[in-house]
Amino acid sequence: IPDLEKAVARRLRVVRRLEKCIASFHSSNRRPEHVVGRSRLSLFGVVCSPIWVNTLCSGDATTHMIGEDDPIPAKGTRVDSISYYTRELVECNKVVAALQKK
C-alpha cells in the first residue's frame, strides 16, 4: 500500500502541474515550457513554475513536443509543458493501475 500511496501522490502532483499549464495556456495563448530536471520553487505550499526558463535557458533553445509513445527526455531538455505532463500522466496512470491490480 505505501507504493500505491506514493504513486497516487505523484499522479496528483502531475495532474496539478498539467492543469496549471493548461490554465496558463488559456490565459496567455502561449504554450508553457520548462527544462526537464530543473527544480521548482515552493512558496507557502504553492509550487511555482520556473519563470526563468525563457530568459536563462542554456544549451538547446528549441522546444521539444512529446508524444505518448516518445521516450522521456533527458534532463536539461527544454520541453512543451502540456505535452510533457500529459505523457507523465499516462505513465502515472499505468503505474497506479498495475499497483491496484496487486
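Residues numbered from 1 in each chain as written. Predicted model: local features only at pLDDT ≥ 70, side-chain atom pairs only at ≥ 80, totals over all residues. Heavy atoms only, no water.

**Structural notes on the pattern of salt bridges**
Logical step 1: Taken as a whole and assessed by the stated rule, the structure comprises five salt bridges.
Logical step 2: Ionic pairing is found between Arg 78 and Glu 33, a salt bridge with its closest N-O pair at 2.6 Å. Of this pair, Arg 78 sits in strand E4 (residues 78–80) while Glu 33 sits in strand E1 (residues 33–35), placing them 45 residues apart in sequence.
Logical step 3: The salt bridge partner of Glu 91 is Arg 87, with a shortest N-O separation of 3.7 Å. Of this pair, Glu 91 and Arg 87 both sit in helix H3 (residues 81–101), four residues apart, which is roughly one turn of the helix.
Logical step 4: The partly exposed category is assigned to Glu 91, whose relative accessible area is 28%.
Logical step 5: Sharing partners across several salt bridges, the network here consists of Arg 87, Glu 91 and Lys 94. (Salt bridge = Lys/Arg side-chain N within 4 Å of Asp/Glu carboxyl O. Helix = DSSP H or I, 4+ residues; strand = E, 2+ residues; numbered from the N terminus. Buried < 20%, exposed > 50% of the residue type's maximum accessible area, 1.4 Å probe, protein only.)

**With respect to the side chain of Asp 80**
Logical step 1: If you trace the backbone, Asp 80 turns up in strand E4.
Logical step 2: Note on Asp 80: relative accessible area 2%, which makes it buried.
Logical step 3: At 2.8 Å, the side chain of Asp 80 and the side chain of Arg 31 are in polar contact. (Polar contact = N/O pair within 3.5 Å; in protein donor to acceptor, adjacent residues only side chain to side chain.)

**Observations regarding the environment of Val 8**
Logical step 1: Considering the arrangement of structural elements, one finds Val 8 in helix H1 (residues 2–28).
Logical step 2: We classify Val 8 as partly exposed; its relative accessible area is 34%.
Logical step 3: Placed 91 residues apart in sequence, Val 8 and Leu 99 show a C-alpha to C-alpha distance of 9.9 Å.

**Observations regarding the packing of aromatic side chains**
Logical step 1: Under the defined criterion, the tally for this structure stands at one aromatic pair.
Logical step 2: Each ring, one from Tyr 84 and one from Tyr 85, has its centre 5.3 Å from the other, and the planes form 75°; the classification is edge-to-face. Residue Tyr 84 shares its accessibility class with Tyr 85, and that shared class is buried.
Logical step 3: Over the face of the ring belonging to Phe 25 we find Arg 31, whose NZ or CZ atom lies 5.6 Å from the ring centre. (Phe/Tyr/Trp six-rings, centres within 6.5 Å; stacked < 30°, edge-to-face > 60°. Lys NZ or Arg CZ within 6 Å of the ring centre and 35° of its normal.)

**Some remarks on the nonpolar core**
Logical step 1: Val 14, Leu 18, Cys 21, Val 36, Ile 66, Val 79, Ile 82, Tyr 84, Tyr 85, Leu 89 and Cys 92 form the largest nonpolar core, which has 11 residues in total.
Logical step 2: Counting only elements with at least two residues in this core, the list comes to H1 and H3.
Logical step 3: With five residues, H3 is the single largest residue contributor to this core.
Logical step 4: In contact with Ile 66, not counting residues within four places along its chain, are Pro 73, Val 79, Ser 83, Tyr 84 and Arg 87. (Core = buried A, V, L, I, M, F, W, Y, C linked by side-chain atoms within 4.5 Å. Contact = heavy atoms within 4.5 Å.)

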